[in-house]
Amino acid sequence: RLRNSNLEISDLRSREKVLRHDVNRTDQMISGKSPAMKEIMRLTGKIADTDASILITGENGTGKEMIAREIHQRSSRRNELFVLVDLSSLSETLFESELFGHRKGAFTDAHEDKTGRFTMAHKGTLFLDEIGNIPMNLQAKILTVLQTRVVTPVGSTKEIPVDFRLISATNKNLTEMIAHNQFRQDLLYRMNTIQIHLPPLRERPEDIEDLSLHFLNIYGKKYNKSYLKLQKDGLEKLKRNAWYGNIRELQHTIEKAVILAESDSLTTSDFLLTENDAGVSDLPETLEEMEKKMIISTLKKNGFNHGLTAEQLGIT
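Predicted, not measured: the structure shown is a model, and the values here were computed from it.

**Student:** Any chance you could break down the environment of L273 for me, citing the residues and the numbers?
**Tutor:** Its place among the elements puts L273 in the loop between β11 (265-266) and α12 (287-301). The exposure class of L273 is buried, given its relative accessible area of 14%. For the pair L273 and K301, spaced 28 residues apart in the sequence, the C-alpha separation amounts to 6.1 Å. The contacts of L273, once residues within four sequence positions are left out, are K237, L238, N241, W243, T253 and K301.

**Student:** How would you summarise the pairing of strand β5 (residues 125-129) if you had to cite specific residues and measurements?
**Tutor:** Here β5 lies mainly inside the structure; five of its five residues are buried. In β5, alternate side chains face the same way, and those of T125, F127 and D129 on one face and L126 and L128 on the other are all buried. With five bridges joining them, strand β2 (residues 82-86) and β5 adopt parallel strand pairing. By the bridge assignment, V85 is partnered in β5 with L128.

**Student:** Which residues make up the pairing of strand β8 (residues 165-170), and what values do they have?
**Tutor:** Regular strands show a simple pattern: their side chains alternate between the two faces of the sheet. Counting buried positions along β8 gives six out of six residues, so the element sits mostly inside the fold. In β8, alternate side chains face the same way, and those of R165, I167 and A169 on one face and L166, S168 and T170 on the other are all buried. Pairing of β5 with β8, which is carried by five bridges, proceeds in the parallel orientation. Of the residues in β8, the one forming a bridge with T125 is R165.

**Student:** Got a sec to walk through the pattern of salt bridges? Specific residues and values, please.
**Tutor:** By the definition in use, this model includes 17 salt bridges. Here R42 makes a salt bridge to E39, at a shortest N to O gap of 2.7 Å. On the criterion of helical spacing, the pair formed by R42 and E39 is a turn pair, its members being three residues apart in helix α2 (residues 35-47). A salt bridge links E98 to K114; the shortest N-O distance between them is 3.8 Å. Taken together, the residues span a long stretch of sequence, with E98 in helix α4 (residues 92-100) and K114 in strand β4 (residues 114-115) at a distance of 16 residues. Among the charged side chains, a salt-bridge network with shared partners connects D51, R77, K123 and D163.

**Student:** So what about the sheet that holds strand β9 (residues 194-197)? Which residues, and what values?
**Tutor:** The strand order β2-β5-β8-β1-β9 describes an open sheet built from five strands, whose pairing is parallel. Pairing within the sheet leaves two strands with one partner each, and these edge strands are β2 and β9. Taken over all neighbouring pairs, the strand axes of this sheet differ in orientation by 20° on average, direction set aside. Each of β1 (54-57), β8 and β9 is contacted by α2, which is oriented at about 155° to β9, the strand it contacts most.

**Student:** Which residues make up the packing of helix α9 (residues 208-222) against helix α11 (residues 246-260), and what are the values?
**Tutor:** Contact pair α9 / α11: the axes reach a minimum separation of 9 Å and the direction vectors enclose 45°. When the axis of α9 is compared with that of α11, the two are oblique. The handedness of the crossing between α9 and α11 is right-handed. In this structure, α9 contributes I208, L211, S212, F215, L216, Y219, G220 and K222 to the contact, and α11 contributes I247, L250, Q251, I254, E255 and V258.

**Student:** Provide a residue-level description of the packing of α2 against helix α3 (residues 64-74), including the pertinent values.
**Tutor:** Packed helices, taken two at a time, are described by the angle their axes make and the gap between the axes. Interhelical geometry of α2 versus α3 gives an angle of 35° and a closest axis separation of 10 Å. Considering only the axes of α2 and α3, their crossing is right-handed. Of α3, the residues touching α2 (which contributes M37, I40, M41, T44 and G45) are I67, E70, I71 and R74. Looking at the contact of α2 with α3 residue by residue, the class counts come to five nonpolar, two polar and two charged.

**Student:** How would you summarise helix α10 (residues 232-240) if you had to cite specific residues and measurements?
**Tutor:** For α10, the set of buried residues is G234, L235, K237 and L238. Looking straight down α10, one finds its buried side chains confined to an arc of 160°; they lie on one side. Buried residues in α10 make contact with α9, β10 (229-230), α11 and β11.

**Student:** Summarise unusual backbone geometry; cite the residues concerned and give the values.
**Tutor:** One non-glycine residue, K123, lies in positive phi territory at about 75°. Mapping K123 onto the fold places it in the loop between α5 (117-120) and β5. Since its relative accessible area comes to 43%, K123 is described here as partly exposed. In the Ramachandran plot, R149 falls in the positive-phi region, its phi being about 55° despite a non-glycine side chain. Position of R149 among the secondary structure elements: in the loop between α6 (136-148) and β6 (150-151).

The rules behind the values
Residues numbered from 1 in each chain as written. Predicted model: local features only at pLDDT ≥ 70, side-chain atom pairs only at ≥ 80, totals over all residues. Heavy atoms only, no water. Helix = DSSP H or I, 4+ residues; strand = E, 2+ residues; numbered from the N terminus. Buried < 20%, exposed > 50% of the residue type's maximum accessible area, 1.4 Å probe, protein only. Contact = heavy atoms within 4.5 Å. Pairing = 2+ DSSP bridges. Salt bridge = Lys/Arg side-chain N within 4 Å of Asp/Glu carboxyl O. Axes fitted to C-alpha atoms, helices over the stretch in contact; angles between N-to-C directions. Parallel < 35°, antiparallel > 145°, perpendicular 65-115°, else oblique. Left-handed = near helix turned anticlockwise from the far one by under 90°. Nonpolar A, V, L, I, M, F, W, Y, C, P; charged D, E, K, R; others polar. Arc of directions from axis to C-beta.

See the structure below:
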């Protein structure tokens, strides 16, 4: 029995090693040629191998998670887990259980012990995405963990020491939220030793070519169309688009074009885009009209796929 247990432990350790490698595996970071992204990558190189807490800001789809993963891959914690927590998807009832873990019997549906994300990230990197969505009453609990580096699972009195590198991200103005008593200033200080702001894609059109070719390579392999080439007129059309959904929208556009491509190259006709720059002189008069126009435009662009449209616009 002892021999079998040792073999099982050895097997589990081997599997864990493979899982850690697969979970942490990431494609090469495509930063592009723009001065803004070159400066961001220079800063990333300087701070990656420290344990400084980092706050990444920017619109939805600008690549905040990609930057977080790049920092993890360049750090001394690269062989440990990169644990992502999407705080916008957690309800208040699941919040503590998901982050701190719980013990069996702690509440009605707690049928077994659960390891929290803070504990999973021990020795690795914890990425808290959409931190602007943390309710005020739960922000104090997050702050306590960041200060003490100790976690107490729900239904337990045992404190578990944790050692992780914290990276946070948000598309909200946290300073404005603090002014309206929606976010704790002391929590922001704990999360914001170094801040990285990712500009929207429309402010760095120099990066569109590298990103487009990168996604074309990925989806060409995925859909067995590695022969596809991006023609100059098609690339120029992509560069003219405003990309309100940023890199994520560009990625979906390239994938759709690859799936529907009927020849060995992608040209202007393969990208069904609304020419955003053509409507500058016809701006709506009110914010409500502008919002309506953008929603309708994005719906048309996505073939009236509501889920994809909501994701690109950053709304529910």
